[in-house]
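Listed below are the residues making up each chain.
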Amino acid sequence: SQMTIGTAGPALAACRDAAIALLAIKGAARAARRDPAARGRVVNDIDLVVRPADLERAFDLLVATGWTPAGSGSPAYQRTLLAHGAGTNFVLGRFGNVDLHRTPFHAPHDSNGDDAAIWQRAAPGLLGYAEVLVPSPTDSAVIAIAHGALDAHKSSDWLVDLVAAIDDGVDWDLF
């Protein structure tokens with residue numbers, strides 16, 4: 001986890017320096033909020049959401065700093081797909097693995113209005129020595145369930161993230 005976070009640190013700082021706000025989700029959010037129980041949560045990749053208006057700048061910044069989109073096709077081709085998918089996976093070296101998202105949710109569950117509310121409720125965090133935002137416990141619970149529903153048998157991380165969010169205090173009326 002620390003190797004993955006450490007490798008991503010310079011890219012996170014570059015985004016901060018470029019005034020691109022980052023919302024860490026899933027395991028990265030737990031690490032960023034300094035959750036004491038997160039030590040038991042392996043962070044294989046850093047899931048980051050950027051506002052849609054910043055997505056192309058964030059993509060270009062990652063490519064310029066040596067990160068490579070993991071999908072098929074050139075970075076120029078991958079850039080044309082940004083508005084149509086939930087995110088792009090980037091790799092760097094042995095441990096670098098960043099998922100750059102335009103929304104915390106996969107289609108058809110993504111919603112600009114819901115995303116804006118998640119950003120408003122987010123709190124500050126620190127990941128790889130860079131300031132990021134982390135979703136509220138309620139939003140973290142919803143994000144965990146949404147990602148678990150994609151392939152609940154692939155990993156149980158979503159269950160652990162859900163329990164941590166509940167422990168942090170879910171607003172059940174908002175949920």
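Residues numbered from 1 in each chain as written. Predicted model: local features only at pLDDT ≥ 70, side-chain atom pairs only at ≥ 80, totals over all residues. Heavy atoms only, no water.

Re the pattern of salt bridges
- Summed over the entire model, instances satisfying the criterion amount to eight salt bridges.
- Here arginine 16 makes a salt bridge to glutamate 131, at a shortest N to O gap of 3.6 Å. Highlighted residues: arginine 16 in helix α1 (residues 2–17) and glutamate 131 in strand β7 (residues 130–134), separated in sequence by 115 residues.
- Using a relative accessible area of 32% as the deciding quantity, one classes arginine 16 as partly exposed.
- By relative accessible area, which is 48% here, glutamate 131 ends up partly exposed.
- Close ionic contact of lysine 26 with aspartate 47 constitutes a salt bridge, the shortest N to O distance being 3.6 Å. Note that lysine 26 is positioned in the loop between β1 (23–25) and α2 (27–32) and aspartate 47 in strand β2 (residues 46–49), a separation of 21 residues in sequence. (Salt bridge = Lys/Arg side-chain N within 4 Å of Asp/Glu carboxyl O. Helix = DSSP H or I, 4+ residues; strand = E, 2+ residues; numbered from the N terminus. Buried < 20%, exposed > 50% of the residue type's maximum accessible area, 1.4 Å probe, protein only.)

Some details on the nonpolar core
- Leu22, Ile46, Val98, Leu100 and Leu127 are the most contacted members of the largest nonpolar core, which has 29 residues in total.
- Put simply, the parts of the chain that give this core at least two residues each are α1, α2, β2, α3 (55–64), β5 (96–101) and β7.
- When sequence neighbours within four positions are dropped, the list of residues in contact with leucine 127 reads Ile5, Leu12, Ala24, Ala28, Ala31, Ala32, Ile46 and Val132.
- Counting eight residues, the second-largest nonpolar core is a separate cluster that includes Leu23, Ile118, Ala122 and Ile143. (Core = buried A, V, L, I, M, F, W, Y, C linked by side-chain atoms within 4.5 Å. Contact = heavy atoms within 4.5 Å.)

Quick look at the side chain of aspartate 99
- Summarising the element assignment, aspartate 99 is placed in strand β5.
- For the buried aspartate 99, which has no salt bridge, the nearest side chain bearing the opposite charge is lysine 26, at an N-O separation of 5.6 Å.
- Within polar-contact distance, the side chain of aspartate 99 engages the side chain of asparagine 89 at 2.4 Å.
- The contact partners of aspartate 99, leaving out residues within four places of it in the chain, are Asp45, Ile46, Asp47, Leu48, Thr88 and Asn89. (Lys, Arg positive; Asp, Glu negative; His and termini not counted. Polar contact = N/O pair within 3.5 Å; in protein donor to acceptor, adjacent residues only side chain to side chain.)

Notes on empty space enclosed by the protein
- Counted by the stated rule, this structure contains two cavities of 30 Å³ or more.
- Put simply, the largest cavity is a space of about 80 Å³.
- Along its surface, the largest cavity is lined by Lys26, Ala29, Arg30, Arg33, Pro135, Ser140, Ile143, Ala144, Asp161, Ala164 and Ala165.
- Its residues assigned to classes, the lining of the largest cavity shows six nonpolar, one polar and four charged.
- Reported here for the second largest cavity is a volume of approximately 50 Å³.
- Lining the second largest cavity are Ala8, Ala11, Leu12, Cys15, Leu48, Ala58, Leu62, Val98 and Leu100. (1 Å grid on protein atoms, 1.4 Å probe; cavity = no way out; pocket = protein on both sides within 12 Å on 5 of 7 lines; lining within 4 Å. Points joined across faces, edges and corners; volume = space filled by probe spheres on them. Nonpolar A, V, L, I, M, F, W, Y, C, P; charged D, E, K, R; others polar.)

Digging into unusual backbone geometry
- One non-glycine residue, lysine 26, adopts positive backbone phi at about 60°.
- Its identity as a non-glycine residue notwithstanding, tyrosine 129 has a phi of 65°, on the positive side.
- Mapped onto the elements, tyrosine 129 comes out in the loop between β6 (123–127) and β7.
- Residue class for tyrosine 129 comes out exposed when judged on its relative accessible area of 74%.

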